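# Structural description and commentary
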Amino acid sequence: MIDVTVTEDTSDDARARRNVTRLAAAQALTGANSAVIFATGAIVGVTIAPDIGLATVPISMYVVGLAAGTLPTGAISRRYGRRVAFLIGTGCGAVTGVLGCLAILRGSFALFCLATFLGGLYGAVAQSYRFAAADGASAAFRPKAVSWVMAGGIFAGLLGPQLVQWTMDVWQPYLFAFSYLIQAAVALIAMGIVFGVDLPKPAAADLHGGRPLLEIVRQPRFIAAALCGTIAYPVMNLVMTSAPLAMQMCGLTVSDSNFGLQWHIVAMYGPSFFTGSLIARFGAPVIVALGLALEAVAAIIGLSGLTAMHFWATLVALGVGWNFGFVGASALVLETHTSAERNKVQAFNDFLIFGLMALGSFSSGQLLAHFGWSAVNLVVFPPVLLGLCVLALVWSSKRRLAARIVER
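What you are looking at is a predicted structure, and each value in this text was computed from that prediction instead of being measured.

## A short note on the side chain of Arg211
Note that Arg211 resides in the loop between helix H9 (204–208) and helix H10 (213–217). Of the residues examined, Arg211 reaches a relative accessible area of 14% and is grouped as buried. A distance of 3.2 Å separates the side chain of Arg211 from the backbone oxygen of Thr336, its partner in a polar contact.

The following block contains the structure:
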């Protein structure tokens, strides 16, 4: 079938720009919360888990929360509006911090996993910030809106690991307990910010309008966009989840892993200041392909050595690759649906991404514990190659079809 591109009338970009500012700030604070989980989850896990192979399960539960929260987020947004979903999400973030603190104080692995699961629900809601920024925006402004909201994450890269560094020893001997209490406070600040977001109210067409979901997701363009998103994000998560524990296993310090994670998050979100412009100039498929290729480069660096510099370089290259791959894939998704279809399509896209992440995340701890850091990096190459091949196939077919139409 012929792909459908959104062609709605130019909307009020002034309101969209105001929303971008708030959503970027909320993205920064939410990213700081997730940074605390990723920086500490495996280390806390190895301390209180019954087996070292379960050390990354708390982070896996975060990813399960991401997957579990995507479809409900879309349903709540369709019926009650995105702002209601945002407030529920930030509430989950505050509970995450409180439960995480209690879990560490009591040495409860199950409670800690519950806390990170709720953190995943918060993260699932936050993933829709990038799509919310495009609501009511003109077609020309949408890629930039998505990119600029993602840029808010650069401050998460500065704030999150620093929160861990400043607070991890406050309540000795309970490492990181106070960090999670501060995380709860950060989530409450984010709640105040998203309360002021001015988004279009749900229309009746949002509940029942548009094509059936199956018809939309069968589009070759959607298949390619969703596949690239489900490669770019889970691959990044696999390597990032394992890196702090791998660094500890190699004799490096918590400060070394915090520093690496900090610059990884900066690399994830920093390019967003110009990713939208790159997409507008070169096209989303080119930027997605570049992102996937950079993730492969990160794996090559990871295989080349075990010093702190090797880990840091791996994490930085991985972050930039994720940004290009994920933001580019998100821009491609926006081209596959109409405004009446947006919530269900965007939620389904994120469900695919985080569902696959959940499956892969559970294996990361076992992969690292039993086969080592090299095996984690080797796993990167097959999915990246698959994504590049599908992307090239779909867009070369599209160009040939366009050329035949012109000839007629």
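## Let's talk about the confidence of the model for the chain
For the chain, the average pLDDT comes to 84, and 91% of its residues sit at 70 or higher. Here H9 stands out as the element of the chain with the lowest mean pLDDT, 57, in contrast to helix H14 (residues 284–303), whose mean of 95 is the highest.

## What about the pattern of salt bridges?
The final tally for this structure, using the stated rule, is three salt bridges. The closest approach of N and O atoms between Glu335 and Arg221, which form a salt bridge, is 3.5 Å. Residue Glu335 is located in the loop between helix H15 (308–334) and helix H16 (342–371), and its partner Arg221 is located in helix H11 (residues 220–249); the two are separated by 114 residues in the primary sequence. Residue class for Glu335 comes out partly exposed when judged on its relative accessible area of 27%.

## Details of unusual backbone geometry
Peptide bonds are, in most cases, trans, and in most cases residues other than glycine have a negative phi. For the bond from Gln172 to Pro173, the omega torsion is 5°, close enough to zero to count as cis. Positionally, Pro173 belongs in the loop between helix H7 (153–167) and helix H8 (177–194). Although it is not a glycine, Phe176 adopts a positive phi angle of roughly 80°. Summarising the element assignment, Phe176 is placed in the loop between H7 and H8.

## So, the nonpolar core
Membership of the largest hydrophobic core comes to 98 residues, with the highest contact counts inside it found for Phe176, Tyr180, Tyr233, Trp322 and Trp373. It is H11 that contributes the most residues to this core, 17 residues altogether. Ranked by size, the runner-up nonpolar core spans 26 residues in total, among them Ala16, Val20, Ala94 and Leu163.

## Some details on a nonpolar patch on the surface
On the surface, a nonpolar cluster with roughly 530 Å² of combined accessible area is contributed by Val98, Leu102, Leu105, Val170, Trp171, Tyr174 and Leu181. For the nonpolar patch, the element with the most residues is helix H3 (residues 82–106), which contributes three residues. Among the structural elements, Leu102 can be located in helix H3. The partly exposed category is assigned to Leu102, whose relative accessible area is 34%.

## A closer look at the packing of helix H13 (residues 272–282) against H15
With their axes 10 Å apart at the nearest point, H13 and H15 run at an angle of 50° to one another. The orientation of H13 relative to H15 falls into the category oblique. Helix-helix and strand crossings are classified by hand; for H13 and H15 the assignment is right-handed. From H13, Ser272, Phe274, Thr275, Leu278 and Ile279 reach across to H15, where they touch Asn323, Phe324, Val327, Gly328 and Ala331. Across the contact of H13 with H15, the residue classes break down as six nonpolar, four polar and no charged.

## Thoughts on the packing of aromatic side chains
Here the structure, examined in full by the defined rule, presents 14 aromatic pairs. With 5.6 Å between their ring centres and 80° between their planes, Phe112 and Tyr180 make a pair best called edge-to-face. Here the residue Phe112 occupies a position in helix H4 (residues 109–127), and Tyr180 occupies one in helix H8, the gap between them amounting to 68 residues. We classify Tyr180 as buried; its relative accessible area is 0%. Pairing Trp171 with Phe178 gives two aromatic rings, centres 5.1 Å apart and planes at 65°, and the pair type is edge-to-face. The exposure class of Phe178 is partly exposed, given its relative accessible area of 22%. The side chain of Arg83 reaches across the aromatic face of Phe195, ending 5.3 Å from its centre.

## Describing the environment of Gly355
Within the secondary structure layout, Gly355 lies in helix H16. Expressed as a C-alpha distance, the spacing of Gly355 and Ala110, which sit 245 residues apart in the sequence, is 21 Å. Other than its neighbours up to four places away in sequence, Gly355 contacts Ala67 and Asp350.

## A look at the packing of H3 against H4
Look at H3 against H4: their axes get within 8 Å of each other, and the N-to-C directions meet at 160°. When the axes of H3 and H4 are compared, the pair comes out roughly antiparallel. Remark: the crossing between H3 and H4 carries left-handed chirality. Within the contact of H3 with H4, the residues separate by chemical class into 16 nonpolar, six polar and no charged.

Parameters at a glance
- Residues numbered from 1 in each chain as written.
- Predicted model: local features only at pLDDT ≥ 70, side-chain atom pairs only at ≥ 80, totals over all residues.
- Heavy atoms only, no water.
- Helix = DSSP H or I, 4+ residues; strand = E, 2+ residues; numbered from the N terminus.
- Buried < 20%, exposed > 50% of the residue type's maximum accessible area, 1.4 Å probe, protein only.
- Polar contact = N/O pair within 3.5 Å; in protein donor to acceptor, adjacent residues only side chain to side chain.
- pLDDT = per-residue confidence, 0-100.
- Salt bridge = Lys/Arg side-chain N within 4 Å of Asp/Glu carboxyl O.
- Core = buried A, V, L, I, M, F, W, Y, C linked by side-chain atoms within 4.5 Å.
- Patch = residues over 30% accessible without salt bridge, like charges linked within 9 Å, V, L, I, M, F, W, Y side chains within 5 Å.
- Areas by Shrake-Rupley, 256 points an atom, 1.4 Å probe, with all protein chains shown as cover.
- Axes fitted to C-alpha atoms, helices over the stretch in contact; angles between N-to-C directions.
- Parallel < 35°, antiparallel > 145°, perpendicular 65-115°, else oblique.
- Left-handed = near helix turned anticlockwise from the far one by under 90°.
- Contact = heavy atoms within 4.5 Å.
- Nonpolar A, V, L, I, M, F, W, Y, C, P; charged D, E, K, R; others polar.
- Phe/Tyr/Trp six-rings, centres within 6.5 Å; stacked < 30°, edge-to-face > 60°.
- Lys NZ or Arg CZ within 6 Å of the ring centre and 35° of its normal.

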